[in-house]
Amino acid sequence: MEGKKKIQAGKAYESLSDKEREQIVGFTEEQHNEMRARYGKRLKMLTVQVDEDERYDFLLVRPTKDTILAMASVRDDLNAANELLLNTCVVAGDRSALEDSAVYTSVLGAVAELIKGQAAFISKA
């Protein structure tokens, strides 16, 4: 049985070769440049490889505090909360691909990883 699939760190868009960039499905280099200018370090690229010949690429942004607070207003409606996250965090990519459960859950999992944040340290003051 195959182990649980985890989100893996990939190469930064800027470090991809021309050949690797040609394989991207879902957004153009111009869209990436526009989103990079708009979101800066909050912008992340996600590749969902469904099979050997089916791939989807998305540009995601970490949710803002306002998005997290807005989720509280729909906390009893999981579908509404997920849609809120997808609508605010997925800034480029083939949105119709989100109808595929494998893509949908992969994108939501990646957004959840963005929300978790990174390391935080607390010590005596």
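Everything below is about the structure shown above.
Residues numbered from 1 in each chain as written. Predicted model: local features only at pLDDT ≥ 70, side-chain atom pairs only at ≥ 80, totals over all residues. Heavy atoms only, no water.

K.L.:
Any chance you could break down the packing of helix α4 (residues 78-89) against helix α5 (residues 101-116) for me, citing the residues and the numbers?
P.N.:
Orientation of α4 relative to α5, taken along the N-to-C sense of each, is 75°, at an axis distance of 11 Å. With respect to α5, the element α4 is oriented roughly perpendicular. Mapping the contact onto sequence places Asn-79, Asn-82, Glu-83, Leu-85, Leu-86 and Cys-89 in α4 and Tyr-104, Val-107, Leu-108, Val-111 and Ile-115 in α5. Among the residues forming the contact of α4 with α5, the class breakdown is 8 nonpolar, 2 polar and 1 charged. (Axes fitted to C-alpha atoms, helices over the stretch in contact; angles between N-to-C directions. Helix = DSSP H or I, 4+ residues; strand = E, 2+ residues; numbered from the N terminus. Parallel < 35°, antiparallel > 145°, perpendicular 65-115°, else oblique. Contact = heavy atoms within 4.5 Å. Nonpolar A, V, L, I, M, F, W, Y, C, P; charged D, E, K, R; others polar.)

K.L.:
Can you break down the packing of helix α3 (residues 65-72) against α4 residue by residue, with the values?
P.N.:
One way to put it is that α3 packs onto α4 with a least axis distance of 9 Å and a crossing angle of 165°. Here α3 lies roughly antiparallel to α4, going by the angle between them. You can see that α3 and α4 cross each other, and the crossing is right-handed. Contacts between α3 and α4 pair Thr-67, Ala-70 and Met-71 from the former with Ala-81, Leu-84, Leu-85 and Thr-88 from the latter. (Left-handed = near helix turned anticlockwise from the far one by under 90°.)

K.L.:
A description of the pattern of salt bridges should follow, citing residues and the corresponding values.
P.N.:
Within the structure shown, the criterion is met by 5 salt bridges. Note that Arg-21 is salt-bridged to Glu-29, the shortest N-O span being 3.3 Å. A residue is classified by how much of its surface remains accessible, and Glu-29, at 39% relative accessible area, is partly exposed. A salt bridge links Lys-116 to Glu-113, with the shortest nitrogen-to-oxygen separation between them at 3.1 Å. Of the two residues, Lys-116 and Glu-113 are both situated in helix α5; the distance of 3 residues between them amounts to about one turn of the helix. (Salt bridge = Lys/Arg side-chain N within 4 Å of Asp/Glu carboxyl O. Buried < 20%, exposed > 50% of the residue type's maximum accessible area, 1.4 Å probe, protein only.)

K.L.:
Tell me what's going on with the pairing of strand β1 (residues 43-51), and back it up with residues and numbers.
P.N.:
Note: β1 against strand β2 (residues 54-61), 8 bridges, orientation antiparallel. Of the residues in β2, the one forming a bridge with Thr-47 is Asp-57. Counted along the chain from β1 to the antiparallel partner β2, the turn is 2 residues long. (Pairing = 2+ DSSP bridges.)

K.L.:
I'd like to hear about the nonpolar core, residue by residue, with values.
P.N.:
Core analysis: the biggest nonpolar cluster contains 18 residues, and Phe-58, Leu-60, Leu-86, Val-103 and Val-107 have the highest contact counts within it. Secondary-structure elements contributing two or more residues to this core are β1, β2, α4 and α5. For this core, the element with the highest residue contribution is α5, accounting for 7 residues. One finds Tyr-13, Leu-16, Met-35 and Val-61 within the second-largest nonpolar core, a separate group that totals 9 residues. (Core = buried A, V, L, I, M, F, W, Y, C linked by side-chain atoms within 4.5 Å.)

K.L.:
How would you explain the side chain of Arg-55 if you had to name every residue and give the values?
P.N.:
Among the structural elements, Arg-55 can be located in strand β2. Polar contacts involving the side chain of Arg-55 include one to the main-chain carbonyl oxygen of Gln-23, which spans 3.5 Å. At 2.9 Å, the side chain of Arg-55 forms a polar contact with the side chain of Asp-57. Residues in contact with Arg-55, not counting those within four places in the same chain, are Gln-23, Ile-24, Val-25, Thr-47, Val-48 and Gln-49. (Polar contact = N/O pair within 3.5 Å; in protein donor to acceptor, adjacent residues only side chain to side chain.)

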